[in-house]
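# A look at the structure
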Amino acid sequence: MGRVKIIAEFSINHFGRIEVAHRMIHHAYHAGVDAVKFQLYDAKTDFPSHPKLAELRKCQLSLEQLRVLGKSAKRLGLEFVVTPFIQPKYVNDLVSIGVDAIKIREADNQRVELVQTAIDTGLPVYISHDPKKNETMKPPVAIPKKVGQVTWLYCIPLYPPRNYKELDYSRAYFYGGVSLHYPHIEPHLALAILGLTTHREFVVEVHVTEDRSNGALDNPVSLTFPEVEELVRHLKTVEKIL
């Protein structure tokens, strides 16, 4: 029987407020996800020319805040995943606070040193990949430390995708999971069903927000927690059938 692993990506929808992030962890737990994901970056250093630099700075979490949030997630039995942006040194920082896995975003999957450093940790590594940019689906560096360490996620890096025509459903057979950026459950559900026909485990990463009306920057690509709960319920049924 196949299994779907659901990662709730909080992105910057917590506004950089740790009390909101804690609340989102608990919502995710009650929705039935397997893992929660945060981001580590320094807006001023990593995105100095970004048009929304001020908002990104406001939303960034410190390493110590991430450490606290990781402990909160683990107490609930959730996997603690973090995406290090751009800089390899962030990977070592994340190892120091006890992350369970590392996620490489699509924009960074050809940064050789970053990917190599993530693989060298020996932790599970998820890598988003857009096949329209590059048909080669392999790490740009050394082979993984162990079989199954790296999971490639079929990614549509649009915020949000224009319509369902952006999807290539056949990709579910070749990738180990998806990171689609659709604010609806249907595409995630469809690709997961197809993925389970060829994979013992299939990863579904979804952006999540507390409230689409709260002004969070990534709301246009995010599900609400009730929608995540509905997605989990459908996927659990699919697991039993398949």
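Here is a short report on the structure shown in this document.

Looking now at the packing of aromatic side chains. Under the defined criterion, the tally for this structure stands at 8 aromatic pairs. Relative to Phe38, the ring of Phe10 lies with its centre 5.2 Å away and its plane at 80°, an arrangement referred to as edge-to-face. Within this pair, whereas Phe10 is found in the loop between β1 (3-9) and α1 (18-31), its partner Phe38 is found in strand β2 (residues 35-40), the two being separated by 28 residues in sequence. Residue Phe10 shares its accessibility class with Phe38, and that shared class is buried. Consider the rings of Tyr41 and Phe85, whose centres lie 5.5 Å apart with planes at 40°: the pair is tilted. Of this pair, Tyr41 sits in the loop between β2 and α2 (43-46) while Phe85 sits in the loop between β3 (79-84) and α5 (89-96), and the two are 44 residues apart along the sequence. Look at Tyr41 and you get buried, because its relative accessible area is 5%. Phe85 sits in the buried class, given a relative accessible area of 9%. Over the aromatic face of Phe85 sits the side chain of Arg105, whose NZ or CZ is 4.3 Å from the ring centroid.

Helical geometry note: an α-helix holds 3.6 residues per turn, so side chains three or four residues apart project in the same direction. Taking 1.5 Å per residue, 12 residues should reach 16 Å; helix α7 (residues 185-196) reaches 17 Å between its end C-alpha atoms and fits that length. Among the residues making up α7, those that are buried are Ile185, Pro187, His188, Leu189, Leu191, Ala192, Gly195 and Leu196. On the buried face of α7, the contacting elements are β1, β6 (150-155), β7 (177-179), β8 (201-209), β9 (222-224) and α8 (225-241).

Here is what the cut-offs are and how they apply
- Residues numbered from 1 in each chain as written.
- Predicted model: local features only at pLDDT ≥ 70, side-chain atom pairs only at ≥ 80, totals over all residues.
- Heavy atoms only, no water.
- Phe/Tyr/Trp six-rings, centres within 6.5 Å; stacked < 30°, edge-to-face > 60°.
- Helix = DSSP H or I, 4+ residues; strand = E, 2+ residues; numbered from the N terminus.
- Buried < 20%, exposed > 50% of the residue type's maximum accessible area, 1.4 Å probe, protein only.
- Lys NZ or Arg CZ within 6 Å of the ring centre and 35° of its normal.
- Expected span 1.5 Å × (residues − 1).
- Contact = heavy atoms within 4.5 Å.

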